[in-house]
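# Observations on the three-dimensional arrangement
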Amino acid sequence: MTPYEHKVNYYETDKMGITHHSNYVRWMEEARIDFLDKLGWSFIKLEHEGISSPVMSIECAYKKPTTFPDVVAISVSIEKLSAVKLVFGYEFRVGEEVVFTGKSSHCFLDEKGAPVILEKRYPKFYDDLKRISEAQ
């Protein structure tokens, strides 16, 4: 899939002109939503199907600073897929330079907030994730 692009906004930078670290987690979410949209599973569709996938953990590795008005290309991959857990990987680049890498771990819940086994409860979504995971 093509990377998601985010142009650093002036308000996302601190007094030193460097992107504030908290924005990278937001951009991970933006890129993850874009990734799922391209896969055909928008958040609206997931919610309509009764699927929620909260974040369980986040890992961040800041390699180089970004500044206004850098364009950050964010590649999303599936690092791990199991019946109960999904781990996304993120690589942020400005031009050819890697500026950030990260991961987000997610579980799956039904409409009542109970954990579900994705492969059994939502096999089409699981199959689409598996197909993309194996193609990477």
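Our structure's up above, just so we're on the same page.
Okay, so let's go over this structure. Remember, predicted model here, so these are calculated numbers, not experimental data.

Each value, and the rule that gives it
Residues numbered from 1 in each chain as written. Predicted model: local features only at pLDDT ≥ 70, side-chain atom pairs only at ≥ 80, totals over all residues. Heavy atoms only, no water. 1 Å grid on protein atoms, 1.4 Å probe; cavity = no way out; pocket = protein on both sides within 12 Å on 5 of 7 lines; lining within 4 Å. Points joined across faces, edges and corners; volume = space filled by probe spheres on them. Helix = DSSP H or I, 4+ residues; strand = E, 2+ residues; numbered from the N terminus. Nonpolar A, V, L, I, M, F, W, Y, C, P; charged D, E, K, R; others polar. Pairing = 2+ DSSP bridges. Axes fitted to C-alpha atoms, helices over the stretch in contact; angles between N-to-C directions. Contact = heavy atoms within 4.5 Å.

## Remarks on the layout of surface pockets
Empty space within the largest pocket amounts to approximately 210 Å³. Around the largest pocket, the lining is made up of 15 residues, and of these Leu36, Phe43, Leu46, Ser52 and Ser53 lie nearest the centre. Going through the elements one at a time, α1 (22–39), α2 (43–48) and β4 (86–94) are the ones with two or more residues in the lining of the largest pocket. Within the lining of the largest pocket, the residues separate by chemical class into 9 nonpolar, 3 polar and 3 charged.

## A closer look at the sheet that holds strand β2 (residues 55–62)
The 5 strands lie next to each other as β1-β3-β4-β5-β2, forming an open sheet whose pairing is antiparallel. Single-partner strands in this sheet number two, and they are β1 (4–7) and β2. Each adjacent strand pair in this sheet contributes to an overall mean axis angle of 25°, direction not counted. Most of the contacts of α1 go to β4, to which it runs at about 110°, and overall it touches β1, β2, β3 (71–81), β4 and β5 (97–106). Across the sheet, helix α4 (residues 123–135) lies against β3 and β4, angled at about 110° from β3, the strand it touches most.

All quantities given are derived from atomic positions and should not be read as evidence of function.
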